[in-house]
Amino acid sequence: ELETEHTFTAVFVSQAVADSPFTVFASEDAGSPMEDEATVRFFHALVGGGEVDVCVAGATARAEATPMFADVSPNAFGSAAGTQFADVAASGEVVVQLRAHSSPACRGRVAGVARFTPTAGSSYTLVAVGRTTGQPRADREMLICPDAPADGSCTVAPISAH
């Protein structure tokens, strides 16, 4: 049962099964982030991929990535330190890396990179979609969706090889 004074984000995932065409995953939206930051949550909907670490790329190609979410299973929201949200600086473009899960987090092979520019004081839900293996082919993309009370629709960023 959902509480009416709260807002939620729902992700519908196709199961490609005749008796259950999709599954719904819901998560309560975050409160307001600090003025110079944005909050981000992540949902893993890539078909054919295993667990991933979601990281913010370092300032240079050799700099270590910063973990946002570690060991995110397919068809699940990421979580870190007991929350489904991570803070990111809203001072320019954020380069989000999807990496094969490793221990420690964000040291595995880079599976893809997506870029977006968050607005300070806003919250976003990032949803990785597409297919990593198998048929039919589906481009890997990151849906970048502003959470309520923002007015707007999701944008799409390609998940590139690097």
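Numbering of residues starts from 1 in every chain and runs along the sequence as written. Residue-level local features of this predicted model are given only where pLDDT is at least 70; pairs of side-chain atoms are given and counted only at 80 or more, and the full residue set underlies all totals for whole chains, interfaces and linings. Side-chain measures here rest on the full set of heavy atoms in the structure, leaving out hydrogens and waters.

1. Points about the environment of Gly58
Here is step 1 of the chain: Helix and strand definitions here come from DSSP, where helices need a minimum of 4 consecutive H or I residues and strands a minimum of 2 consecutive E residues; each element is numbered from the N-terminal end. Take Gly58: it is sitting in the loop between strand E4 (52–56) and strand E5 (66–72).
Here is step 2 of the chain: Partly exposed describes any residue whose relative accessible area lies between the buried limit of under 20% and the exposed limit of over 50%, with all areas from a 1.4 Å probe on protein chains only and scaled to the type maximum. Residue classification places Gly58 among the partly exposed residues on the basis of a relative accessible area of 23%.
Here is step 3 of the chain: The contact definition used throughout considers only heavy atoms, calling two residues in contact when any of these lie within 4.5 Å. The residues contacting Gly58, other than those within four sequence positions of it, are Ala63, Glu64 and Ala65.

2. Structural notes on the packing of aromatic side chains
Here is step 1 of the chain: Each Phe, Tyr or Trp ring (for Trp, its six-membered ring) is paired with any other whose centre lies within 6.5 Å, and the angle between the two planes then decides the class: stacked below 30 degrees, edge-to-face above 60, tilted in between. Evaluation of the coordinates by the stated rule reveals two aromatic pairs.
Here is step 2 of the chain: Ring plane angle 70° and centroid distance 4.9 Å describe the contact between Phe43 and Phe77, whose orientation is recorded as edge-to-face. Placement of Phe43 in strand E3 (residues 37–44) and of Phe77 in strand E6 (residues 76–77) is noted, with a sequence separation of 34 residues between them. As far as burial versus exposure is concerned, Phe43 and Phe77 are alike and both buried.
Here is step 3 of the chain: Plain terms: the ring middles of Phe116 and Tyr124 are 5.6 Å apart, the flat faces sit at 65° to each other, and that makes the pair edge-to-face.

3. What to know about unusual backbone geometry
Here is step 1 of the chain: The step from Ser103 to Pro104 runs through a cis peptide bond, and the omega angle for that step is 5°.
Here is step 2 of the chain: Mapping Pro104 onto the fold places it in the loop between strand E8 (94–100) and strand E9 (110–116).
Here is step 3 of the chain: For Asp71, which is not glycine, the phi torsion reads 55° and is therefore positive.
Here is step 4 of the chain: As for its position among the elements, Asp71 is in strand E5.
Here is step 5 of the chain: Positive phi is not limited to glycine here, since Asn75 has a value of about 60°.

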